[in-house]
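# Analysis of the macromolecular model
Listed below are the residues making up each chain.
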Amino acid sequence: MTDATEMRRRTQELLAARPPAGTERLDFLRARFDAGLAWVHFPEGLGGLGAPRSLQAVVDAELAAAGAPDNDPRRIGIGLGMAAPTILQYGTEEQKRRFLRPLWTGEEVWCQLFSEPGAGSDLAALGTRAVREGDDWVVDGQKVWTSSAHLARWAILIARTDPEVPKHRGITYFVCDMTDPGVEVRPLRQITGEAEFNEVFLTGVRIPDSRRFGEVGDGWRVAQTTLNNERVAIGGMRLPREGGMIGPVAKTWRERPALRTHDLHQRLLKLWVEAEVARLTGERLRQQLVAGQPGPEGAGMKLAFARLNQEISGLEVELRGEEGLLYDDWTMRRPELVDFTGRDAGYRYLRSKGNSIEGGTSEVLLNIVAERVLGLPAEPRTDKDVAWKDLAR
Amino acid sequence: MSTQPDLLYSEEEEALRAAVRDLLTDHCDAAGVIARSESDAPHDLSLWKALADGMGLAGLLVPEDRGGQGATHREAAVVLEELGRAVAPVPYLTSAVIATEALLACRDGGDLLAGLASGREIGALAVGLHTAPGAAYATVRAEGGVLHGELSGIADAAVAGLLLVPADDGGLYAVEAGAVTVTPQVSLDLTRPVARVALDGAPGRRLGDAGTAVRRALRTGAGLLASEQLGSAEWSLTETVRYLKDRKQFNRPVGGFQALKHRLAQLWLDAVGLRAAARNAADALATGEDTDVAVAVAQACAAPVAVRAAEEALQLHGGIGMTWEHPVHLHLKRAKANSIALGTAGAHREALAELVDLRAP
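- Chain B carries the name Acyl-CoA dehydrogenase in an unreviewed UniProt entry, which gives Streptomyces fungicidicus as its organism.
- Heading Cofactor (unreviewed entry) of the UniProt record for chain B holds this comment: "FAD".
- Here chain B is described in UniProt, under the heading Sequence similarities (unreviewed entry), as follows: "Belongs to the acyl-CoA dehydrogenase family."

- Chain A has the name Acyl-CoA dehydrogenase in an unreviewed UniProt entry, where Streptomyces fungicidicus is given as its organism.
- What the UniProt record of chain A gives under Sequence similarities (unreviewed entry) is the line "Belongs to the acyl-CoA dehydrogenase family."

## Description of the sheet that holds strand 3 (residues 146-155) of chain B
Residues and elements named next belong to chain B.
- The strand order 2-3-7-6 describes an open sheet built from 4 strands, whose pairing is antiparallel. Each edge of the open sheet is held by one strand with a lone partner, namely strand 2 (141-143) and strand 6 (181-184). Recorded for the sheet is a direction-independent mean angle of 15 degrees between the axes of neighbouring strands.
- Examined bridge by bridge, strand 6 and strand 7 (residues 194-203) share 4 bridges and lie antiparallel to one another. Across the sheet, Thr183 pairs through a bridge with Arg196, a residue of strand 7.

## Focus: the interface of chain B and chain A
- Taken together, the 45 residues of chain B in the interface contact 43 residues of chain A.
- Of the roughly 3900 Å² buried where chain B meets chain A, counting both sides, 69% is carbon and sulfur surface.
- Our count for the chain B to chain A interface comes out at 3 salt bridges.
- In this structure, B:Lys261 engages A:Glu371 in a salt bridge whose closest nitrogen and oxygen atoms are separated by 2.5 Å.
- At the boundary of chain B with chain A, the tally comes to 16 residue pairs in polar contact (both at pLDDT 80 or more).
- Among the secondary structure elements, those contributing two or more residues to the side of chain B that touches chain A are helix 7 (210-246), strand 10 (252-253), helix 8 (258-287), helix 9 (291-316) and helix 11 (345-355) of chain B.
- Classifying every residue of the side of chain B that touches chain A gives 28 nonpolar, 8 polar and 9 charged.

## Details of the packing of helix 4 (residues 73-85) of chain B against helix 7 of chain B
Residue and element names in this part refer to chain B.
- With their axes 7 Å apart at the nearest point, helix 4 and helix 7 run at an angle of 40 degrees to one another. In terms of axis orientation, helix 4 runs oblique to helix 7. Judged by the twist between their axes, the crossing of helix 4 over helix 7 is right-handed. In this structure, helix 4 uses His73, Ala76, Ala77, Leu80, Glu81, Gly84 and Arg85 to contact helix 7, whose residues at the interface are Thr220, Leu224, Ser227, Glu228, Leu230, Gly231, Ser232, Glu234 and Trp235.
- Broken down by class, the residue content of the contact of helix 4 with helix 7 amounts to 6 nonpolar, 6 polar and 4 charged.

## As for the side chain of B:Thr94
Residue and element names in this part refer to chain B.
- Positionally, Thr94 belongs in helix 5 (residues 92-104).
- Judged by its relative accessible area of 5%, Thr94 falls in the buried class.
- Engagement of the side chain of Thr94 in a polar contact is seen with the backbone oxygen of Pro91, the distance being 3.2 Å.
- The residues contacting Thr94, other than those within four sequence positions of it, are Ala99, Gly123, Ala155 and Asp156.

## Some details on the UniProt feature "domain: Acyl-CoA dehydrogenase/oxidase N-terminal" (unreviewed entry) in chain A
- The feature "domain: Acyl-CoA dehydrogenase/oxidase N-terminal" (unreviewed entry), as annotated in UniProt, sits at residues 27-107 of chain A in this numbering.
- For the annotated span residues 27-107 of chain A, helix accounts for 56% and strand for 0% of the residues, and the straight-line distance between the end C-alpha atoms is 11 Å.

## Let's talk about helix 9 (residues 298-319) of chain A
- Given a rise of 1.5 Å per residue, 22 residues ought to cover 32 Å, and the 31 Å separating the end C-alpha atoms of helix 9 of chain A matches this to within 8%.
- In the stretch just after helix 9 of chain A, A:Gly321 is the one whose phi turns positive, near 60 degrees.

Calculation criteria
Residues numbered from 1 in each chain as written. Chains lettered and ligands numbered in written order. Predicted model: local features only at pLDDT ≥ 70, side-chain atom pairs only at ≥ 80, totals over all residues. Heavy atoms only, no water. UniProt positions renumbered as here; feature names shortened; annotations may be inferred. Pairing = 2+ DSSP bridges. Helix = DSSP H or I, 4+ residues; strand = E, 2+ residues; numbered from the N terminus. Axes fitted to C-alpha atoms, helices over the stretch in contact; angles between N-to-C directions. Contact = heavy atoms within 4.5 Å. Buried area = accessible area lost by both parts, 1.4 Å probe. Salt bridge = Lys/Arg side-chain N within 4 Å of Asp/Glu carboxyl O. Polar contact = N/O pair within 3.5 Å; in protein donor to acceptor, adjacent residues only side chain to side chain. Nonpolar A, V, L, I, M, F, W, Y, C, P; charged D, E, K, R; others polar. Parallel < 35°, antiparallel > 145°, perpendicular 65-115°, else oblique. Left-handed = near helix turned anticlockwise from the far one by under 90°. Buried < 20%, exposed > 50% of the residue type's maximum accessible area, 1.4 Å probe, protein only. Expected span 1.5 Å × (residues − 1).

Below, the structure is given as structure tokens:
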């Protein structure tokens, strides 16, 4: 049995064996993984100790206090948040040992080949084909919105293996080697000028059957594991007042009285209140989680923040007046991380347009709230019992 | 903000909620409230007796050594959520919260507190219900302990035995209702009617400084009103969801149409936000931390949400929503009147402009 005291002891042991000051970052991370302190709720031997997830906070606090390097979870978020739980649930023992350590240390970056140009919110309509040839599958198709594809060593991939059955039933889940022939990654430049995402073209890519997760045709169910884990970390953050997008606007308002107008004042005060209410809602959700009574509020937080970010950053561009006519830099860049609140007002305005689209559009999330929280009936569906190949496209 | 506000409900608070809700389920049905609202006695004094005498709720904010329950604003907020859900026609906000807080702020008049705390006496602060905390209010003329003048928009004055009257000498006076003329005004909100109070040489007893007492009473009232508005908004949402699951048109439950689902989901989001803001205000009133900002945020948020919830409920109930027998109009009238009560959302935003240093041009 592992408790907080035991966690502290193990963490101190690691710190004694590898003093952060004299240890190379990667060495430290590997040692931490091997000590089971990477993600304590994972099984022993796979970076964890089979301990309650809540004990991770104990380890993290001890390591932070000691100035230990971390694995920059934001940069490897797809691997940590989506690939890892799926590998844990569906991978063979050999696969788990092969993939999880370099995934966690960040030595190998993962990306996610789910979205397609022709299948946005209707993800199961995807058309990328995988055809069996001996021990291999041959994959042809196109994916889009792929974060980190240009850095990734591995990808989780869903593809259509049977077009003769309804769309949810003909999908299979694979791990794709991004260095294989036939994988082509092209930057997808966005309205901000940045290429934060990619398009990925798959042409005759051969994936061995041993890199399939779950049964043939059962990929949709496997993908649910991945997608359900996408929102794990929500609500954990404690935000101070004016900690979000409203902060820079309020600061500009205070520091530059010459920019103030009555119209902007009314709008700013309204948005300030909404931002504070959203912050309190997030704080309430966090308190519920800590008290072990998770509420459905999480489903709504992304919706609220998407709208707020868009309205606040839109106001900020106007507030800046003549400066609002300018933009910091249109040169195409390929950031490893998206900094939503970084750069200037124009960038924040344009980037926030994605907030209501990425990770589930606001329209789809409103449906989810209506159906799962309020219990309203689902929309009638005309695609459920029709073979994928017969669907109108 | 040195500490984080506690935004949850304790087990005791949930137990209190359940007890109040049970009582209201048994003794405050919508048909009864509607029938009463058209009579000469819109207030339900037997319900008031059950809440005050039976459950001791009128004295929540009064310390035990002064005849009350010694609870906090957090508990009073839970009671108001339930009273708002039922649009209960009882003077809880006006007597047990606003008048009580005014008395608590006064040097004298401690003897009157026990009366309000027990519920045997109903008190009303004679300041127009529309007045925001910190805003100017009308006063009467004081001449040697005798008061002259007229005040209007006094909520629940019709059932109050004790009026707390601000005078032009800066004092707050206790006046017995028998010594004044109370004339009911035809009110938008039938369940919390306002009245005109005329004083023609009424004897008053000076209790303390009106400025301090009125400000404290209105601030507490505004902060806790948000919980009443939350209760009403939740009723609107719950009833509408239930109706839209049942009601069929075009051979489908109406609630299955995406245009309506999105409206209800948005309403739910707004109610979730209001719950956090109202809880924050109640906790801030209880702890005394960050109170002015918390109250202003709650009131800037509450009225728009509660009014829209009632308006959406009316629209989405279709024809039945327009009728006198469906209770949605009680909530709409209460919500709209509440959007003026104790300061409009705009007035509270203006207060915030000062409080958080976002000043006007």
